[in-house]
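Survey of secondary and tertiary structure
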Amino acid sequence: MVEDNGSVRTLSVDIGGSGVKVMVLDITGKPLTERGRLETPQPATPEVVINAIAVLAASQGEYHRVSVGFPGVVRSGVTETAVNLNADWIGFDLATTLSKQLNKPVKVINDADMQGLGAIAGRGVELVITLGTGFGSALFVDGKLVPNMEMGHHPFCKGDTYEEQLGRAALEKIGDKKWNKRLQRAIASLQRLFNYDCLYIGGGEAVRVNMNLPLNVKLIPNITGLLGGIALWRE
Ligand code: BGC
């Protein structure tokens, strides 16, 4: 057992469709190391991704426990979907396997949920979307997470899902200008649907957001996903 004292170091891991990122945080969530990153190996099977995490972890010095953000539905450490990785993840016990590999306790959560934990104020209805390879989403009510809200695969426009219209493949196809227009429509539609108090926009492509955002919409830095890793252990 790891004691929850001031010297506990958490290795935070973000598994993405294009990169695997890691960083060590102190008990308050402050980064203790430089972010490490490797390209997500292809095909992104559990074995090779876990290998990449082990390589990155070895370069991060000492840590006592591990938090993982995963780009799919996660229940009790088991990954249930993985649209942008590989079908071998369906029904895979990531928490147990990684814990054996690294010899440390491991907690796993959806990547957008982890981003949200690193960003929210903990008051009212807060919605988080992440723009990267996929389209991630997370909903919080007074700081309490509604886990695995897979908005990305729901219809948004012309029969396409949010992810089909706003994921990286779409961005590369249509370019920044059109993508920003679509995003503006998505923000308006999400406001009508959720009546959120605040919307946070994160993920690797959030840097491409180029519009006047409403006052209750905030861009969050790329690193937020990793920072969210500390909150998983505060239950
Ligand atoms: C997945 C989500 C994930 C998002 C961002 C989607 O394709 O279904 O679970 O949060 O991509 O990675």
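Refer to the structure above for everything that follows.
Keep in mind it's a predicted model, so treat the numbers as computed, not measured. (Residues numbered from 1 in each chain as written. Predicted model: local features only at pLDDT ≥ 70, side-chain atom pairs only at ≥ 80, totals over all residues. Heavy atoms only, no water.)

1. Some words on the overall build of the protein
When you go through the protein residue by residue, the secondary structure sums to six helices and 15 strands. If you line up the protein on its principal axes, its C-alpha atoms span 50 × 40 × 30 Å. Per-residue burial for the protein yields a buried fraction of 53% across its 235 residues. Across the protein, every contact between residues at least 6 apart in sequence was considered, and the portion connecting residues at least 24 apart equals 58%. Of the roughly 11200 Å² of accessible surface on the protein, a fraction of 51% belongs to carbon and sulfur atoms. For the protein, the separation between the mean place of its 24 positive charges and that of its 24 negative charges on side chains is 7 Å. (Helix = DSSP H or I, 4+ residues; strand = E, 2+ residues; numbered from the N terminus. Buried < 20%, exposed > 50% of the residue type's maximum accessible area, 1.4 Å probe, protein only. Contact = heavy atoms within 4.5 Å. Areas by Shrake-Rupley, 256 points an atom, 1.4 Å probe, with all protein chains shown as cover. Lys, Arg positive; Asp, Glu negative; His and termini not counted. Charge placed at Lys NZ, Arg CZ, Asp CG, Glu CD.)

2. Let's talk about the sheet that holds strand 14 (residues 198–202)
Pairing is mixed across the open sheet formed by five strands, whose spatial order is 11-10-9-14-15. The sheet terminates laterally at strand 11 (144–146) and strand 15 (217–219), the two strands that pair on one side only. Averaged over all adjacent pairs, the angle separating strand axes in this sheet is 25°, with direction ignored. Summarising the sheet, strand 9 (residues 125–131) and strand 10 (residues 135–141) pair through seven bridges and their orientation is antiparallel. Pairing of Leu 127 across the sheet is with Leu 139, part of strand 10. (Pairing = 2+ DSSP bridges. Axes fitted to C-alpha atoms, helices over the stretch in contact; angles between N-to-C directions.)

3. A few points about the site of the ligand
Taken together, Pro 71, Gly 72, Asn 84, Asn 110, Asp 111, Thr 130, Gly 134, Phe 135, Gly 136, Glu 150, His 153 and Glu 163 form the complete shell of residues around the ligand. One nitrogen or oxygen atom from the main chain of Gly 72 is found 3.2 Å from an oxygen atom belonging to the ligand. Asp 111 is positioned such that a nitrogen or oxygen atom in its side chain is 2.5 Å from an oxygen atom of the ligand. More than half of the atoms belonging to the ligand lie within 2 Å of the grid points that define the largest pocket. Per-class residue counts for the shell around the ligand are two nonpolar, seven polar and three charged. (Near = heavy atom within 4 Å. Polar contact = N/O pair within 3.5 Å; in protein donor to acceptor, adjacent residues only side chain to side chain. 1 Å grid on protein atoms, 1.4 Å probe; cavity = no way out; pocket = protein on both sides within 12 Å on 5 of 7 lines; lining within 4 Å. Sits in = over half its atoms within 2 Å of the grid points. Nonpolar A, V, L, I, M, F, W, Y, C, P; charged D, E, K, R; others polar.)

4. Focus on the nonpolar core
Counting residues in hydrophobic clusters, the biggest one holds 28 residues, and the most contacted among them are Val 13, Ile 15, Val 66, Val 68, Phe 70, Leu 94 and Leu 98. Elements represented by at least two residues in this core include exactly strand 1 (10–15), strand 2 (19–25), helix 1 (46–58), strand 4 (65–70), helix 2 (94–102) and strand 8 (106–110). With six residues, helix 1 is the largest single contributor of residues to this core. Not counting the four nearest positions on each side in its chain, Val 13 is found in contact with Val 20, Lys 21, Val 22, Ile 53, Val 66, Ser 67, Val 68, Gly 69, Met 114 and Leu 226. (Core = buried A, V, L, I, M, F, W, Y, C linked by side-chain atoms within 4.5 Å.)

5. Observations regarding the sheet that holds strand 3 (residues 36–39)
Strand order across the open sheet formed by five strands is 3-2-1-4-8, with mixed pairing between neighbours. Because the sheet does not close on itself, it has two edges, and the strands there are strand 3 and strand 8. Each strand of the sheet is rotated relative to its neighbour by a mean of 15°, with strand direction disregarded. Strand direction decides the pairing type here: strand 1 and strand 2, joined by six bridges, are antiparallel. Its bridge partner being in strand 2, Asp 14 is matched across the sheet by Lys 21. Each of strand 1, strand 2 and strand 3 is contacted by helix 1, which is oriented at about 150° to strand 3, the strand it contacts most.

6. Notes on the side chain of Glu 163
Here Glu 163 is to be found in helix 4 (residues 162–166). Put simply, Glu 163 is tucked away with no salt bridge, and the nearest opposite charge, on Arg 168, sits 10 Å away. Not counting residues up to four positions away in its chain, the partners in contact with Glu 163 are Val 83, Asn 84, Gly 134, Phe 135, Gly 152 and His 153. (Salt bridge = Lys/Arg side-chain N within 4 Å of Asp/Glu carboxyl O.)

7. Describing a positive patch on the surface
Among the surface-exposed residues, Lys 158, Lys 173, Lys 178 and Arg 185 lie close enough to one another that they form a single positively charged patch. With respect to the helices and strands, Arg 185 occurs in helix 5 (residues 168–194). (Patch = residues over 30% accessible without salt bridge, like charges linked within 9 Å, V, L, I, M, F, W, Y side chains within 5 Å.)

8. Quick word on helix 2
All of the buried residues along helix 2 are Leu 94, Ala 95, Leu 98 and Leu 102. Taken end-on, helix 2 shows its buried residues confined to a sector of 95°, consistent with a single buried face. Where helix 2 is buried, its residues meet strand 1, helix 1, strand 4, strand 6 (78–79), strand 7 (92–93) and strand 8. At the exit of helix 2 stands Asn 103, carrying a positive phi of roughly 60°. (Arc of directions from axis to C-beta.)

9. Description of the pairing of strand 2
Among the seven residues that make up strand 2, seven are buried, leaving the element largely enclosed by the rest of the structure. Here strand 2 shows two buried faces, one formed by Gly 19, Lys 21, Met 23 and Leu 25 and the other by Val 20, Val 22 and Val 24. Of the pairings in the sheet, the one linking strand 2 to strand 3 comprises four bridges and is antiparallel in character. Its bridge partner being in strand 3, Gly 19 is matched across the sheet by Glu 39.

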